[in-house]
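# A structural walkthrough
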Amino acid sequence: AVDTAAEDEYIYSAIEYDPDSKPPLHKNRRFRVYTCMAFMVVITVVVVVVVYTTRSAKGVETTELEKLVNGAPSFSPTAPPTTNREASGIREQVEAGILQRGVNFTGMPDSDPRKRALEWILHYDQQQLDSDDVRLYQRYVLALFAIALDSLAWLTCGEHRKFGNETEFFVTEDCGMTNAATGVYESHKVWLSSTDECEWYGVICSKDDVVRGVELMGNSLIGEIPPEISQLRFLQYLALNGNCLYGTIPPEFGNMPNLLSLELHGNGLSGKLPTELYDASKLQLLNVAMQYSYNSVCIMSNNTYVNTVYERGGVTSRDLNFGLIGQVLDSNVTKWTSMKGLHLFDNSFSGKVSDEVGSLKYLVYLRAHNNRLSSILPNKLTNLKKTREVYLYRNEMYYGIPSRIGDMEDLEDLRLHENEMDGEIPDSLYSLRKLKNLWLQDTVHCEDVQGKGYECSADSDFGFSGTISTKIGNLKKLKALYINNNPIGGVIPTEIGLCEDLTELHIHKTNIGGSSPEELCLLRDKNLNNERNVGVLYADCRPNNKTQDPFFACDCCTDCCDHTTKVCIADD
């Protein structure tokens, strides 16, 4: 019997050689060559289709082999590849949900940070998020933030390039820094790396990977704050202090419903504080201080120097930067119902201190010194029971201290010096048992000089008057009392000896006469001395007018002044 299973099997040795016959088709050499070629073509087509389909579904991935053969792609000069991600809906999502002020990508220059951030999301971000990914918005905003503020110039964790300055392939991931407070080295991830954005240095996320904070203090951030950062809808904490930011504060910050803390101090910002910012009703800390004459120098990634002393960092202008301007402590402050800290100093704010400031019942710190506030201290300011610090010195404040200042039971630090204030120290002030610092020195007197406008200077004939009350002994925590350069008179009460923490006392260039009580000299033996450069006791204890008896007789003063000539010298 014949094995039917073997019928189809061809056995070459069973064929009888016939010189006239043609070989079977499968033994024809040309046929075999053509067949192999066809087979290779088919295989090539299949491979190309598979690769193209894979890339289209998940974006472009460049292998290390391709880098070696073709060179690493450059983000800036090289046109992005065209893929299906262009039609994935990401562009439309970002345009509709993130871009601010009515702009869109149509016609936007390729150099615009918003356009560059989109290109990164589409083609260079190795996470390759889809249009419906819940992290798309926050990742785009953070990418825009890095590009707009020149992350390549950052001191820490901004350098994402692997191949040096000529290529930008966004592959460097690891970075770190030594914590200045603890001395411990901390590992982080680089901005614009392939890692989760919650791992990037300074980004703080909740357990559900939602960005809740960005903390990049003193990291050489350069440029204008992009308004799109307001689209981090769950952001609670933004700290960008000590950088080289310039331009204005985006009004869009007022649309951030969860913002609790905004720290922008120590930059070169200018313009008005946007009124929209008062709509950030949950805000508890606002620090926009130190914009005027704050000297911070940074170097951009293209080696351009930026100096915050000038407007816009001196990049496009050499005009001096006067900081933030306009009214700030007006009736709008009532919207900040949770405000605890207002730090506004070293700017050019003007206008009144409104009564409504007294409605900020949780306010602890009010620091608005070195501005152009022209106002009285409103009586309703004394409603602030939790306030510890009131710094309003070097403004244009006038009139006296509210009579009910003693109602501010938590007040520890009151600084009103170098204003045009006057009147007596209210009796209720001596009931501030937590008071540590009282600075009322160098009250100024202003005159309208023809052709020159108002000129102001410290004048001991103008300012706070009256006497120091015997109730000063109630201020047992008092450490510093500065009342020099005022017409305050009388004598030093013996009760001052109860102020055992007193380390600094300046009563020179006043009308305080008589002699130093023994109790005061006993304080000198405790803390009121300069042997450890801790405290000083100034008084008008030099011979008056060079030849007369001292206006204030003092055997224990560390520094003495001539009451008439105003010349001071350290006697100890």
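Residues numbered from 1 in each chain as written. Predicted model: local features only at pLDDT ≥ 70, side-chain atom pairs only at ≥ 80, totals over all residues. Heavy atoms only, no water.

### Quick look at the environment of Asn419
Basically, it comes down to this: Numbering of helices and strands runs from the N terminus; a helix is a DSSP stretch of H or I covering at least four residues, while a strand is a stretch of E covering at least two. By definition in these notes, contact holds between two residues if any of their heavy atoms fall within 4.5 Å. N or O atoms within 3.5 Å of each other form a polar contact, as long as, within protein, one can give a hydrogen and the other can take it, and as long as residues adjacent in sequence are counted only when both atoms are side-chain atoms.
Examined against the element boundaries, Asn419 turns out to sit in the loop between β21 (413–415) and β22 (420–421). Through-space distance from the C-alpha of Asn419 to that of Tyr393 is 6.3 Å; in sequence the pair is 26 residues apart. When sequence neighbours within four positions are dropped, the list of residues in contact with Asn419 reads Leu392, Tyr393, Arg394, Asn395, Glu396, Met397, Thr443 and Val444. At a separation of 3.4 Å, a polar atom in the side chain of Asn419 contacts the main-chain amide nitrogen of Glu396.

### Details of the nonpolar core
Within soluble globular proteins, side chains that are nonpolar generally end up buried alongside one another. Quick reminder of the rule: Buried Ala, Val, Leu, Ile, Met, Phe, Trp, Tyr and Cys residues form a nonpolar core when they are joined through side-chain atoms within 4.5 Å. Here the term buried applies to any residue with accessible area under 20% of the maximum for its type, exposed to any over 50%, and partly exposed to those in between, with areas from a 1.4 Å probe on protein chains only.
Among the nonpolar cores identified, the biggest contains 118 residues, and Tyr140 and Leu286 are the most heavily contacted of them. Contributions of two or more residues to this core are made by α3 (90–97), α4 (113–124), α5 (136–148), β4 (211–215), α6 (518–526) and β33 (537–539). Among the elements that make up this core, the one with the highest residue count is α5 (9 residues). With sequence-adjacent residues up to four places away left out, Leu286 is seen in contact with Leu262, Leu273, Leu277, Trp336, Met339, Gly341, Leu342, His343 and Leu344. Ranked by size, the runner-up nonpolar core spans 7 residues in total, among them Ala153, Ile222, Cys298 and Val306.

### A look at the packing of aromatic side chains
Note the cut-off: Within 6.5 Å between ring centres, the rings of Phe, Tyr and Trp (the latter by its six-membered ring) count as paired, and their orientation is classed by plane angle as stacked under 30 degrees, edge-to-face over 60, tilted in between. Counted as over-ring charges are cases with an Arg CZ or a Lys NZ within 6 Å of the ring centre that also lie within 35 degrees of the ring normal.
Enumeration according to the criterion identifies 10 aromatic pairs in this entry. Ring geometry for Trp154 versus Trp191: centroids 5.3 Å apart, planes at 80 degrees, classification edge-to-face. With Trp154 in the loop between α5 and β1 (174–178) and Trp191 in the loop between β2 (185–189) and β3 (203–205), this residue pair connects regions lying 37 residues apart in the sequence. A residue is classified by how much of its surface remains accessible, and Trp154, at 6% relative accessible area, is buried. Seen in terms of ring centroids, Trp191 and Trp200 are 5.3 Å apart; in terms of plane orientation they differ by 40 degrees. Their pairing is tilted. Taken together, Trp120, Phe145, Trp154, Trp191 and Trp200 form an aromatic cluster joined through their ring pairs. The ring of Tyr310 has Arg318 lying over it, and the distance from NZ or CZ to the ring centre is 3.9 Å. Looking at Arg415, its charged tip hangs above the ring of Trp439, at a distance of 3.9 Å from the centre.

### Thoughts on the sheet that holds strand β14 (residues 324–327)
Note the threshold: Between any two strands, at least two bridges found by DSSP are needed for them to pair.
Read across the open sheet, the 4 strands follow the order β10-β14-β16-β18; overall the sheet is parallel. With one partner strand each, in any of the chains shown, β10 (271–272) and β18 (372–373) form the two edges of the open sheet. Sheet topology places β10 next to β14; 2 bridges connect them, and they run parallel. Bridged to Gly271 within β14 is Leu324.

This is a description of form; function is not addressed.
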